[in-house]
Amino acid sequence: MASPPVSGSSAPVRQVRGACPHDCPDTCALLTTVQDGVALRVQGNPAHGPTAGVLCNKVAHYAERTYHPERLLQPMRRVGPKGSGQFTPVSWDEALDAIAARLGAIAARAPQAILPYSYCGTMGLVQGESMAGRFFHRLGASLLDRTICSSAGGEGLVQTLGGKVGMKVEFFAEAKLIIIWGSNSITSNLHFWRIAQEAKRNGARLVCIDPRRSETAEKCHDHVQLLPGTDAALALALMHELIAHDWLDHDYIAQHTVGWEGLRERALRWTPERAAAVCGIPAQQIRELARAYGTTRPAAIRLNYGMQRVRGGGNATRAVASLPALTGAWRHRAGGVLLSSSGFYPADRAALQRPDLLAGQRPRTINMVTIGDDLLRPASPAFGPAIEAVLVYNSNPVAVAPESGKVVRGFAREDLFTVVIEQFRTDSADYADYLLPATTQLEHWDIHPSYGHTDVLLNRPAIAPVGQARSNTDVFRALAARMGFTDPCFAESDESLCRLAFGDRVDFELLLQQGFASLALPDAPFAAGGFPTPSGRCEFFSERLARQGLDGLPDHVPNHEVAGSSARYPLAMISPPARNFLNSTFVNVQSLRDIEGEPVLELHADDAAARGIRDAQVVRVFNDRGEYVCKASISPRARPGVVNGLGIWWRKLGIAGTNVNELTSQKLTDLGRAPVFYDCLVEVRPA
Ligand SMILES: Nc1nc2c(c(=O)[nH]1)N[C@H]1C(S)=C(S)[C@@H](COP(=O)(O)OP(=O)(O)OC[C@H]3O[C@@H](n4cnc5c(=O)[nH]c(N)nc54)[C@H](O)[C@@H]3O)O[C@H]1N2
Ligand SMILES: Nc1nc2c(c(=O)[nH]1)N[C@H]1C(S)=C(S)[C@@H](COP(=O)(O)OP(=O)(O)OC[C@H]3O[C@@H](n4cnc5c(=O)[nH]c(N)nc54)[C@H](O)[C@@H]3O)O[C@H]1N2
Ligand code: SF4
Ligand SMILES: [Mo]
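What counts and how
Residues numbered from 1 in each chain as written. Chains lettered and ligands numbered in written order. Predicted model: local features only at pLDDT ≥ 70, side-chain atom pairs only at ≥ 80, totals over all residues. Heavy atoms only, no water. Buried < 20%, exposed > 50% of the residue type's maximum accessible area, 1.4 Å probe, protein only. Helix = DSSP H or I, 4+ residues; strand = E, 2+ residues; numbered from the N terminus. Pairing = 2+ DSSP bridges. Axes fitted to C-alpha atoms, helices over the stretch in contact; angles between N-to-C directions. Contact = heavy atoms within 4.5 Å. Near = heavy atom within 4 Å. 1 Å grid on protein atoms, 1.4 Å probe; cavity = no way out; pocket = protein on both sides within 12 Å on 5 of 7 lines; lining within 4 Å. Sits in = over half its atoms within 2 Å of the grid points. Nonpolar A, V, L, I, M, F, W, Y, C, P; charged D, E, K, R; others polar. Expected span 1.5 Å × (residues − 1). Polar contact = N/O pair within 3.5 Å; in protein donor to acceptor, adjacent residues only side chain to side chain. Areas by Shrake-Rupley, 256 points an atom, 1.4 Å probe, with all protein chains shown as cover. Domains from an automatic or database assignment. Phe/Tyr/Trp six-rings, centres within 6.5 Å; stacked < 30°, edge-to-face > 60°. Lys NZ or Arg CZ within 6 Å of the ring centre and 35° of its normal. Points joined across faces, edges and corners; volume = space filled by probe spheres on them. Left-handed = near helix turned anticlockwise from the far one by under 90°. Parallel < 35°, antiparallel > 145°, perpendicular 65-115°, else oblique. Salt bridge = Lys/Arg side-chain N within 4 Å of Asp/Glu carboxyl O. Core = buried A, V, L, I, M, F, W, Y, C linked by side-chain atoms within 4.5 Å.

Draft legend 1. Representation of the pairing of strand β9 (residues 205-209) in the model. When you tally the buried positions in β9, you get four out of five residues, the bulk of the element. Here strand β8 (residues 177-181) pairs with β9 via five bridges, running parallel. In the strand pairing of β9, Trp-181 is matched with Ile-209.

Listed below in structure tokens is the structure:
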């Protein structure tokens with residue numbers, strides 16, 4: 001058991017500056033109060049503008065999570081069947097020797113049979129993929145395509161704006177119209193919501209575009225409650241209206257865009273009536289939104305990744321990202337669009353991850369979205385060797401990857417060698433052969449970019465590692481030593497890796513002093529064009545996509561599983577984040593789980609009545625991929641025909657040992673090879 005915080009001591013108290021590690025656009029600056037080597041509490045740093053001294057409810061509980069009685073404190077070896085969660089403690093030496101021996105034996109035959117599986121348990125550049133990347137590159141292991149969250153929208157941005165770039169978040173406060181598109185800001189981008197409130201007090205109109213009447217939607221002036229996966233149709237109809245009423249900035253279009261004629265022709269085919277039928281909303285609402293967008297200055301769009309988890313997610317992002325160039329909204333610093341700011345950061349990932357250590361090896365790439373299928377795939381000339389070993393860190397694939405029935409079958413293979421580096425015994429940890437205890441953000445160094453603001457943050461360790469926990473970097477350094485990797489890069493310290501991340505492009509001394517440093521960027525980055533695309537313009541038409549044989553212009557690409565298209569599965573299900581969890585992190589923190597209660601499926605009263613479902617009744621949600629048992633919540637948050645299965649519960653903490661990903665598919669998006677979590681048909685019955 002981890003030692004709980006003590007109080008009443010007279011030892012000196014100090015505050016350590018850090019960064020929130022979680023996969024959240026806000027990347028808050030933390031202040032951890034430490035006494036006697038114990039972290040007493042974690043607060044927001046008031047000196048950091050974007051944080052403004054406030055943390056979300058989840059990370060305000062970070063000390064509770066760090067000293068959680070179920071924290072993993074020593075290495076363990078599996079003793080029961082796979083997935084049973086039966087382990088016996090072993091020493092670090094025993095665990096590392098055994099892992100190195102097994103990986104060495106596999107690598108001697110088929111290094112590509114080894115697969116890293118990691119995502120954004122921490123967003124830190126050092127505890128993310130630095131030493132791990134070096135290790136797997138040197139080994140020649142399969143590469144992992146890290147697509148599970150943002151790559152459809154990311155690719156849409158790259159093809160349109162040239163990178164993951166956009167408005168500076170602080171200037172939303174000056175906008176007179178803010179469209180919050182595919183985002184539940186109050187849940188997942190709280191510090192942006194604070195800025196939107198400031199704009200509202202200054203007279204801005206707030207519009208939310210979301211199939212769910214979310215916490216955010218109900219607090220905006222208008223809510224456009226469209227069907228999932230129909231955002232491109234809406235964006236094209238908005239363009240139709242901008243053209244019909246000549247709410248266009250002809251000069252901006254002529255100077256700073258490519259492909260206007262083609263886009264114009266396509267948009268003119270999307271009358272509000274046509275889009276209304278596709279989106280399941282009134283045509284009049286589209287007209288009103290177009291008028292507001294076409295006639296309000298400055299107008300800003302806060303796009304988030306919620307709208308790109310469908311088949312057409314890449315195209316939808318392209319369509320929305322095209323809007324500000326049509327009206328010239330970019331001319332004002334409070335105009336434009338922001339999906340992600342991560343492309344502004346001059347991080348040197350190659351220096352951290354050292355792809356040169358591949359030394360001519362050209363391993364295959366496995367898409368993390370299809371881990372279910374890929375773990376079950378036999379060797380073949382097309383696929384290469386079957387996967388024999390998986391090293392999981394910074395991720396919980398058994399809970400978060402789609403079609404989890406297959407993911408579980410894959411991880412349950414008795415011949416698969418699985419190492420999980422974790423802070424807790426997650427659903428994935430239960431399948432480990434060796435389970436290694438990881439440090440939390442309070443216990444290690446790291447350096448952080450952000451995807452919601454434009455500051456760099458440094459995280460210093462506030463306390464010593466709890467129990468025998470080791471940082472990811474330490475684990476991979478130790479494994480590298482045992483594998484006989486002698487390159488000096490495997491001995492580099494975490495502090496040195498922090499310095500390497502941005503080199504002299506960011507003032508490291510300032511980071512050491514105050515914990516954060518702002519990137520030097522213009523207030524209105526595209527006021528005079530200068531997009532980082534090949535043409536230097538906003539590319540309505542992408543030559544690069546056309547050369548790949550794809551549509552060069554954005555279009556509406558219907559879902560794989562269109563709402564209302566199946567008699568067996570008449571309901572469309574989305575599974576957006578729950579407010580008190582962060583993906584599957586925090587589900588095991590009792591105080592937060594108490595707020596969420598039990599896994600729920602929100603459904604509209606009409607859909608419930610048609611199935612004889614009462615509020616709070618236990619229901620079966622199912623399709624051909626599997627079944628999920630949860631509680632029905634008859635809720636005005638759900639629109640007819642769409643159910644909302646809030647995520648992402650640990651399977652073992654749910655009602656019948658599954659979660660919502662039992663139902664989602666491994667199909668991919670139009671661009672970016674990303675998952676389609678919100679493109680999923682189901683049926684619901686009383687259990
Ligand atoms: N509390 C909390 N915060 C989080 C997370 C969390 O799990 N919990 N997750 C973090 C992560 S990993 C990410 S990537 C970010 C961003 O995470 P996002 O997934 O963008 O999360 P949300 O901002 O909640 O946006 C999802 C919203 O999009 C809506 N939506 C679903 N389908 C569609 C659609 O087809 N069209 C439109 N217009 N809207 C749709 C959902 O109803 C929901 O309200 O947030 C991060 N912040
Ligand atoms: N149905 C459905 N599925 C989804 C989504 C959805 O909206 N609906 N959202 C998707 C999205 S946007 C994302 S980003 C993915 C997220 O998927 P993941 O990136 O897997 O995120 P988490 O579930 O938060 O799991 C991260 C794990 O990393 C661990 N961890 C944290 N810090 C460290 C560390 O320093 N070292 C080590 N070794 N471990 C650490 C945490 O304890 C946690 O268990 O899920 C996706 N899955
Ligand atoms: S999860 Fe997001 S809002 Fe919460 S502390 Fe971390 S960065 Fe801030
Ligand atoms: Mo994500």
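Draft legend 2. Spatial organisation of the sheet that holds strand β19 (residues 455-459). Ordered in space as β18-β19-β20, the three strands form an open sheet in which the pairing is antiparallel. Two strands bound the open sheet, and with one partner strand each, they are β18 (446-448) and β20 (516-518). Pairwise comparison of adjacent strand axes, ignoring direction, gives a mean angle of 15° for this sheet. Where β19 and β20 come together, three bridges link them in antiparallel fashion. Residue pairing in the sheet places Asp-455 in a bridge with Ser-518 of β20. Against the sheet, helix α18 (residues 494-502) contacts β18 and β19, and its axis sits at roughly 20° relative to β18.

Draft legend 3. Summary view of helix α12 (residues 313-327). The buried fraction of α12 amounts to 15 of the 15 residues, a majority that puts the element mostly inside the structure. Backbone geometry just downstream of α12 places Gly-328 in the positive-phi region, at approximately 70°.

Draft legend 4. Here's a closer look at the site of ligand 3. Taken together, Cys-20, Cys-24, Asp-26, Thr-27, Cys-28, Leu-55, Cys-56, Val-59, His-191 and Leu-582 make up all the residues around ligand 3. A majority-of-atoms criterion places ligand 3 in the second largest cavity. Looking at the shell around ligand 3, its residues break down into seven nonpolar, two polar and one charged.

Draft legend 5. Region of interest: helix α11 (residues 283-295). Helix length check: α11 (13 residues) gives 18 Å between terminal C-alpha atoms against 18 Å at 1.5 Å per residue, within 8%. Listed as buried for α11 are Ala-283, Ile-286, Leu-289, Ala-290, Ala-292, Tyr-293 and Gly-294.

Draft legend 6. Region of interest: the site of ligand 2. Near ligand 2 lie 32 residues; those nearest to it are Ser-395, Glu-422, Ser-584, Thr-585 and Tyr-678. Taking Ser-575, its side chain carries an N or O atom lying 2.9 Å from a nitrogen atom of ligand 2. Burial of ligand 2 by the surrounding chains reaches 97%, relative to a free accessible area of 910 Å². A class-by-class count of the residues in the shell around ligand 2 yields 13 nonpolar, 15 polar and four charged. When residues of the shell around ligand 2 are assigned to domains, at least three map to each of domain 1 (76-149 + 362-446 + 466-495) and domain 3 (571-686).

Draft legend 7. Examining the packing of aromatic side chains more closely. Taken as a whole, this structure holds 16 aromatic pairs when the rule is applied. Consider the rings of Phe-526 and Phe-531, whose centres lie 4.4 Å apart with planes at 20°: the pair is stacked. By relative accessible area, which is 3% here, Phe-531 ends up buried. A ring pair is formed by Tyr-569 and Phe-622, whose centres lie 6.3 Å apart and whose planes are at 80°; its orientation type is edge-to-face. Taken together, the positions of Tyr-569 in the loop between α20 (543-547) and β22 (571-574) and Phe-622 in strand β24 (residues 618-623) put the pair 53 residues apart, joining distant regions of the chain. With a relative accessible area of 11%, Tyr-569 lands in the buried category. Grouped by ring-pair contacts, the aromatic residues Phe-135, Phe-136, Tyr-393, Phe-476, Phe-485 and Phe-490 constitute a single cluster. Directly above the aromatic system of Phe-586 lies the positively charged group of Arg-65, at a separation of 5.4 Å from the ring centroid. Over the ring of Phe-383 we find Arg-364, and its NZ or CZ is 4.5 Å from the ring centre.

Draft legend 8. Representation of the sheet that holds β22 in the model. Spatially, β22-β26-β23-β25-β24-β27 is the arrangement adopted by the six strands of the closed barrel, whose pairing is mixed. In this sheet, adjacent strand axes meet at a mean angle of 45° when their direction is disregarded. Bridging between β22 and strand β26 (residues 642-645) involves three bridges; their strand directions are parallel. Its bridge partner lying in β26, Ile-574 is registered against Asn-644.

Draft legend 9. Seen up close, the layout of surface pockets. For the largest pocket, the calculated volume is near 1,200 Å³. Residue lining of the largest pocket: 41 residues in total, with Tyr-119, Cys-120, Glu-129, Arg-146 and Arg-349 positioned closest to the centre. Residue-level mapping places the lining of the largest pocket at the junction of two domains, with at least three residues from each of domain 1 (76-149 + 362-446 + 466-495) and domain 2 (152-339).

Draft legend 10. Main features of the packing of helix α10 (residues 272-279) against α11. Their axes nearest at 8 Å, the elements α10 and α11 cross at an angle of 115°. Considering the relative orientation of α10 and α11, their crossing is right-handed. Between α10 and α11, the residues in contact are Pro-272, Glu-273, Ala-275 and Ala-276 and Ala-283, Ile-286 and Arg-287, respectively. Here the contact of α10 with α11 is composed, by residue class, of five nonpolar, no polar and two charged.

Draft legend 11. Representation of the packing of helix α4 (residues 151-160) against α12 in the model. Axis separation between α4 and α12 bottoms out at 7 Å; the angle between their running directions is 45°. Classed by the angle they form, the pair α4 and α12 counts as oblique. Considering how the two elements wind past one another, α4 and α12 form a crossing that is right-handed. Residues Ala-152, Gly-153, Gly-156, Leu-157, Gln-159 and Thr-160 of α4 lie in contact with α12, whose contacting residues are Gly-313, Gly-314, Thr-317, Arg-318, Ala-321 and Ser-322.

Draft legend 12. Up close: the pattern of salt bridges. If you walk through the whole model with that rule in mind, you get 43 salt bridges. Residue Asp-433 pairs with Arg-78 through a salt bridge whose shortest N-O separation is 2.9 Å. Taken together, the positions of Asp-433 in the loop between β16 (417-422) and β17 (434-437) and Arg-78 in strand β4 (residues 76-78) put the pair 355 residues apart, joining distant regions of the chain. With relative accessibility at 10%, the residue Asp-433 sits in the buried group. With a shortest N-O distance of 2.7 Å, Arg-266 and Asp-551 are connected by a salt bridge. On the criterion of sequence distance, the pair formed by Arg-266 in helix α9 (residues 260-267) and Asp-551 in the loop between α20 and β22 is long-range, its members being 285 residues apart.

Draft legend 13. The nonpolar core, seen in detail. Grouped together as the largest cluster of nonpolar side chains are 137 residues, with contacts concentrated most on Trp-181 and Ile-447. In this view, Ile-447 contacts Gly-124, Leu-125, Val-126, Val-456, Leu-457, Leu-458, Cys-498, Ala-501, Phe-502, Phe-508 and Leu-511; residues no more than four positions away in its chain are not counted. Formed by 41 residues, the second largest nonpolar core is a distinct cluster that contains Leu-115, Ile-387, Val-390 and Tyr-678.

Note that all results are geometric; they support no functional claim without further evidence.
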